[in-house]
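# Observations on the three-dimensional arrangement
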Amino acid sequence: MAVSTGYCRRDRDVEVCNGAIEAERSIREGNKQQAGTREMGVDKNFDLEEGAARLKDWLATQPHLPQNIHPRLLQRYIHSTHGDLEYAKKIFVLGYTIRQSNPHIFDDRDPLGTKVQSILKAIDMVPLPPVEGCEDKFIFYRLVDCDPDRFDFNDVIKTFFTIADLRMIQPDVPMNDGGDVPIFDMNGFTLRHLTKVVLSTLRVYMRYTQEAHPVRLKAIHVINCTPFLDRVMCLVKPFMKKRVAEMLHFHLPNSSTIYAHMPKAALPDEYGGQQSIVNFWQTSSSQLLNIERRAADLSHCARAAPLAERGGGGGGNRGESPLLRLPLQST
């Protein structure tokens, strides 16, 4: 069974991509020289609700941080850190610091707005249904419209975080022993797309998803790798952590190597699996609409306390710090 698909509605040259293997080897070897990252011990005895309650109590003592956060989102922080409350606090603060500093990505994120809907018509960002006997959660990304002129990188990343934030409060995304496994299909991705990448936005995306996103990332699969994958990796590598680099798996066009890493049934039917992207995306769109009705503004902001009240020193009226961007608040 070939992994390659003609979904992008136009032909493109497919060459044997030895660069995929070389890029993977290069990034693994290069990162061996970096300092080791924090290793989290798995404590299967932690209590999600108790941990979330303790995190909420701590937030109440931090008036400069957002309050009234959705309870399921608080549980995600506890789950993703295996019950490590101090580490949950750390990634919470880092996440909202990143959001505060990058309003062009985290503000004005109406999931039914023109920009988000335009990107969703051009790119599939689909959390796939669960597979029986497998606790991992698969998220599929691919180009639908391969026209580089329609590829606005800032809007792509804004849309990614909109969908990711909505997913954090979905009750049907289990907090189990499985991990998140994104699958990126490079079919239709060209050098012109690569020139559209905004480095400052890429840096924000890489930092947040590696250091502040409350999920258990297990693996990253890139299928239908292009002959210029080495150029893509040269762009991404400076921002990539060692532990994330070691999760990367590259798969050439017309290969079946991905099946060694996940159940075949987990993939979309167009790739030999049993999942329908069209049907599941229609269901997900309905969920987006329901959430949008309950929480109409993903850019809802909480004003921080004055710096003097936060022990910022210096005395006097130094005004208020910038607004903190919230993903979702409880209603």
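Above this note sits the structure.
For the structure given in this document, a descriptive report is provided here. Since this is a predicted model, take the numbers as computed values, not measurements. (Residues numbered from 1 in each chain as written. Predicted model: local features only at pLDDT ≥ 70, side-chain atom pairs only at ≥ 80, totals over all residues. Heavy atoms only, no water.)

### Here's the deal with empty space enclosed by the protein
Taken as a whole, this structure holds four cavities of 30 Å³ or more when the rule is applied. Taken together, 43 residues line the largest cavity, and the ones lying closest to its centre are Tyr-141, Ile-157, Phe-184, Tyr-205 and Ile-220. Going through the elements one at a time, strand E1 (123–127), strand E2 (137–143), helix H7 (153–168), strand E3 (180–185), helix H9 (199–211), strand E4 (220–223), helix H10 (229–236) and strand E5 (248–250) are the ones with two or more residues in the lining of the largest cavity. When residues in the lining of the largest cavity are grouped by element, the largest group, eight residues, is from H7. Grouping the amino acids of the lining of the largest cavity by side-chain chemistry returns 36 nonpolar, three polar and four charged. If you add up the space inside the second largest cavity, you get close to 80 Å³. Forming the walls of the second largest cavity are 14 residues, and the residues nearest its centre are Arg-76, His-79, Asp-180, Pro-214 and Val-215. Among the secondary structure elements, those contributing two or more residues to the lining of the second largest cavity are helix H3 (71–80) and H7. For the lining of the second largest cavity, the element with the most residues is H3, which contributes three residues. (1 Å grid on protein atoms, 1.4 Å probe; cavity = no way out; pocket = protein on both sides within 12 Å on 5 of 7 lines; lining within 4 Å. Points joined across faces, edges and corners; volume = space filled by probe spheres on them. Helix = DSSP H or I, 4+ residues; strand = E, 2+ residues; numbered from the N terminus. Nonpolar A, V, L, I, M, F, W, Y, C, P; charged D, E, K, R; others polar.)

### Overview of H7
Because each turn of an α-helix spans 3.6 residues, side chains separated by three or four positions in sequence point in the same direction. Relative to the 22 Å expected for 16 residues at 1.5 Å per residue, H7 spans 23 Å between its end C-alpha atoms, a close match to the ideal helical length. The buried fraction of H7 is high, at 15 of 16 residues. (Expected span 1.5 Å × (residues − 1). Buried < 20%, exposed > 50% of the residue type's maximum accessible area, 1.4 Å probe, protein only.)

### Quick notes on the nonpolar core
Ranked by size, the top nonpolar core spans 63 residues in total, and within it Tyr-77, Ile-123, Phe-161, Phe-189 and Val-232 carry the most contacts. Here this core takes eight residues from helix H4 (residues 85–101), the largest share from any one element. Both domains that furnish three or more residues to this core are identified here as domain 1 (45–101) and domain 2 (108–302). Discounting chain neighbours no more than four positions away, the residues touching Ile-123 are Arg-142, Leu-143, Val-144, Phe-151 and Val-156. By size, the runner-up hydrophobic cluster in this structure holds 17 residues, among which are Leu-128, Val-131, Phe-140 and Ile-277. (Core = buried A, V, L, I, M, F, W, Y, C linked by side-chain atoms within 4.5 Å. Domains from an automatic or database assignment. Contact = heavy atoms within 4.5 Å.)

### Structural notes on the packing of aromatic side chains
The final tally for this structure, using the stated rule, is 14 aromatic pairs. Centre to centre, the rings of Phe-151 and Phe-189 are 6.2 Å apart; their planes meet at 80 degrees, and the pair counts as edge-to-face. Of this pair, Phe-151 sits in the loop between E2 and H7 while Phe-189 sits in the loop between E3 and helix H8 (191–194), and the two are 38 residues apart along the sequence. The exposure class assigned to Phe-151 is buried, which follows from its relative accessible area of 10%. The exposure class of Phe-189 is buried, given its relative accessible area of 18%. Both rings, one in Phe-160 and one in Phe-161, keep their centres 5.1 Å apart while their planes meet at 75 degrees; by these two values the pair is edge-to-face. In this structure, Phe-160 and Phe-161 share a single accessibility class: buried. In this structure an aromatic cluster arises from ring pairing among Phe-106, Tyr-141, Phe-160, Phe-161, Phe-184, Tyr-205 and Tyr-208. Stacked on the ring of Tyr-96, the Lys or Arg Arg-99 has its end atom at 5.6 Å from the ring centre. (Phe/Tyr/Trp six-rings, centres within 6.5 Å; stacked < 30°, edge-to-face > 60°. Lys NZ or Arg CZ within 6 Å of the ring centre and 35° of its normal.)

### Some words on the sheet that holds E4
With mixed pairing, five strands are arranged side by side in an open sheet as E1-E2-E3-E4-E5. Since the sheet does not close on itself, it has two edges, and those belong to E1 and E5, each with one partner. Strand-to-strand twist across the sheet, computed as the mean angle between neighbouring axes with direction ignored, equals 15 degrees. (Pairing = 2+ DSSP bridges. Axes fitted to C-alpha atoms, helices over the stretch in contact; angles between N-to-C directions.)

### As for the packing of helix H6 (residues 114–122) against H7
Each pair of packed helices can be summarised by the angle the axes make with each other and by the distance between the axes. Between H6 and H7, the shortest axis-to-axis distance is 9 Å and the interhelical angle comes to 95 degrees. The pairing of H6 with H7 is recorded here as roughly perpendicular in orientation. The residues of H7 that touch H6, namely those facing Lys-115, Val-116, Ile-119 and Leu-120, are Asp-155, Val-156, Thr-159, Thr-162 and Ile-163. Within the contact of H6 with H7, the residues separate by chemical class into five nonpolar, two polar and two charged. (Parallel < 35°, antiparallel > 145°, perpendicular 65-115°, else oblique.)

### Brief notes about the environment of Phe-239
Mapped onto the elements of the fold, Phe-239 is located in the loop between H10 and helix H11 (242–245). Take Phe-239: its relative accessible area is 19%, and that puts it in the buried class. Taking the C-alpha atoms as reference points, Phe-239 and Leu-202, separated by 37 residues in sequence, lie 8.3 Å from one another. With near-sequence residues (within four places) excluded, Phe-239 lies in contact with Leu-199, Leu-202, Arg-203, Met-206 and Gln-210.

### Some points on the side chain of Arg-167
Relative to the helices and strands, Arg-167 is located in helix H7. Setting aside residues up to four positions removed in sequence, Arg-167 forms contacts with Arg-76, Pro-127, Lys-137, Ile-139, Val-173 and Asp-180.

### A closer look at the pattern of salt bridges
Tallied over the full model, the rule gives twelve salt bridges. As a salt-bridge pair, Arg-207 and Glu-211 come within 3.9 Å of each other at their nearest N and O atoms. Of this pair, Arg-207 and Glu-211 both sit in helix H9, four residues apart, roughly one helical turn. Residue Lys-241 pairs with Glu-211 through a salt bridge whose shortest N-O separation is 3.5 Å. With Lys-241 in the loop between H10 and H11 and Glu-211 in helix H9, the pair connects residues that are 30 residues apart, well separated along the chain. A relative accessible area of 31% means that Lys-241 is categorised as partly exposed. Classification of Glu-211 by relative accessible area gives partly exposed; the value is 25%. (Salt bridge = Lys/Arg side-chain N within 4 Å of Asp/Glu carboxyl O.)

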